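Observations on the model geometry
Each chain is listed here by its residues.
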Amino acid sequence: MIFTLSTTHTPATDLGFLLYKHPDRLQTFQLRFGQAHVYYPLATPEKCTAALLLDIDPIQLFRSQKVSGNSSFALRQYVNDRPYVASSLLSVAIAQVYGSALSGVCKSKPELAARELPFEASLSVLPSRGGEDLLHHLFEPLGYDLKIHTYPLDARFPEWGPSEAFTVELRSHKRLQDLLAHLYVLIPVLDDDKHYYVGEDEIDKLLARGEGWLASHPARQLIVERYLRHRRKLTASALSQLREEDAPDEAGDEQSGRKEESIEKSTGLHQQRLDAVVDRLHASGARRVADLGCGEGRLIGLLLPDGQFTQVLGMDVSARSLSEAAYRLQLDRLPGAQRRKLTLIQGSLLYRDRRLAGYEAVTLVEVIEHLDPARLEVVERVVFGQAQPGLVILTTPNREYNRLWPGLPAGELRHPDHHFEWTRAEFQSWAEGVAGAYGYGLAILPVGSLDPQAGPPTQMAVFTREGRGA
Ligand code: SAH
């Protein structure tokens, strides 16, 4: 099985730097299931091609597998198509042999790794359970031009029709990192198989390699189902995380998002909310703060220059929000001391996350209403049961105030991505339940200008862990 990668970027031999493989040398890598050889059939300044030849040893492959498939054909373990087609074995080889390039790292020429360059990738042969159509369906939305070569299943019997294996050439201007990530995910998807057991950690791999493209791919459902070997629970969990990543960015939402924002700007509500949160953090004396669902990092921008806070974590499920946060906070220009305080991570509130341990205070500013109410219990467990900070500050809209909201039609929520907005009584009853269940004291405070009937536009709950102040 052979995978070649060519570029016509000049000088094309820069490909050697990007892949960390010298064009003059043949290099061989030992993998658990065979060997990978990398060599350059062509290396000129105008065009350069790196070939990755995967030499799979079916016996080694069988022995390296923890679970063997039961098959009616006893020799299948040794006699199969695995050595000849691109499969999850190639994804593993890409991660091991081209690992730095897949992570976007190029020490000697970082600017090249960050740039979109003209690439051509060729896979010989690539199985596609779903034929030529599926190849188009998966690669074209990502901006590739495809050239597909078909083969008869058996040349002696043309009536048997075409084989499901193709030689595929993909052409596009891409960052090398993105091209490799696309192949890493889509090859096993096309093959609809994997040579290893697929567990929970496979979701993280998929979301990491799918970052920036999978959430908006029209075939994301099929990709996720096949990548996770049709395991229903894993698939549901991955799809729900992708939906959350995608939803705030969808075009329709963006407009109404701006509407909400502009109303908030004119009333200064967003700033008042952030000020209220910072005041409470000050009063608590907390030094290590985690802002969960940090969005574009507005709260973080207030915490970093403040000497009280020594460690600030921003977490969001949306990669796009995080890069916006990095841009808004001008990470690369921050003074060293502030830069060292800050950690930005992608993560979901719906999963236990050890990175959240050890913070004295957790803030959730206008986040819970973006979650499915049926999943709130999970968030409660993650924040109050597992991370267990001394202090949790949480804000959410007060629905009763909506009728005073300029320009908001009656009965509508403030943002199309909101799953719910609570009245004061609903919020209080939820917050009391959580405080009682996890051993926290509770204070509920108004934020923004109070209306005598409707109350404040924003409600804030301050939870303080009992027996151990923040
Ligand atoms: N706290 C910010 C952003 C609020 S918007 C502010 O006040 O400006 C809600 C944010 O929650 C979005 O950035 C969204 O991506 C994030 N979010 C939604 N679901 C999430 C989840 N499951 N885990 C983490 N963040 C989530």
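A quick note: this is a predicted structure, and the numbers were derived from the prediction, not measured.

Rules and cut-offs
Residues numbered from 1 in each chain as written. Predicted model: local features only at pLDDT ≥ 70, side-chain atom pairs only at ≥ 80, totals over all residues. Heavy atoms only, no water. Salt bridge = Lys/Arg side-chain N within 4 Å of Asp/Glu carboxyl O. Buried < 20%, exposed > 50% of the residue type's maximum accessible area, 1.4 Å probe, protein only. Pairing = 2+ DSSP bridges. Helix = DSSP H or I, 4+ residues; strand = E, 2+ residues; numbered from the N terminus. Axes fitted to C-alpha atoms, helices over the stretch in contact; angles between N-to-C directions. Expected span 1.5 Å × (residues − 1). Phe/Tyr/Trp six-rings, centres within 6.5 Å; stacked < 30°, edge-to-face > 60°. Domains from an automatic or database assignment. pLDDT = per-residue confidence, 0-100. Contact = heavy atoms within 4.5 Å.

So, the pattern of salt bridges
Counted according to the given criterion, the structure contains 24 salt bridges. The shortest N-O distance in the salt bridge between Glu202 and Lys194 comes to 2.8 Å. Like Lys194, Glu202 is buried.

What to know about the sheet that holds strand S12 (residues 391-397)
Read from one edge to the other, the open sheet built from seven strands follows the order S10-S9-S8-S11-S12-S14-S13, with strand pairing classed as mixed. Sheet topology places strand S10 (342-346) and strand S13 (440-447) at the edges, where each strand pairs with a single neighbour. Averaged over all pairs of adjacent strands, the angle between their axes in this sheet comes to 15°, without regard to strand direction.

Digging into helix H12 (residues 269-284)
Given a rise of 1.5 Å per residue, 16 residues ought to cover 22 Å, and the 23 Å separating the end C-alpha atoms of H12 matches this to within 8%. Along H12, the positions that sit buried rather than exposed are Leu269, Arg273, Leu274, Ala276, Val277, Val278 and Leu281.

Digging into the packing of aromatic side chains
In total, this model carries twelve aromatic pairs according to the counting rule given. Where Phe427 meets Trp430, the ring centres are 6.2 Å apart and the plane angle is 20°; that geometry is what we call stacked. With a gap of three residues between them, Phe427 and Trp430 both fall in helix H17 (residues 424-438), about one helical turn apart. An identical accessibility class is assigned to Phe427 and Trp430; each is buried. Aromatic ring contacts, followed pair by pair, group Phe384, Phe420, Trp422, Phe427, Trp430, Tyr438, Tyr440 and Phe463 into a single cluster.

Some thoughts on the domain arrangement of the chain
When cut into domains, the chain gives domain 1 (2-197) and domain 2 (268-465). Summarising the inter-unit geometry, the C-alpha centres of domain 1 and domain 2 are found 43 Å apart.

Considering the confidence of the model for the chain
Averaged over every residue, the pLDDT of the chain is 89; the share at 70 or more is 92%. Within the model, the stretch residues 248-256 combines pLDDT values under 50 with eleven contacts to residues more than four positions away or in other chains.

Notes on the side chain of Ser240
Secondary-structure assignment places Ser240 in helix H10 (residues 232-246). The contacts of Ser240, once residues within four sequence positions are left out, are Leu350 and Arg375.

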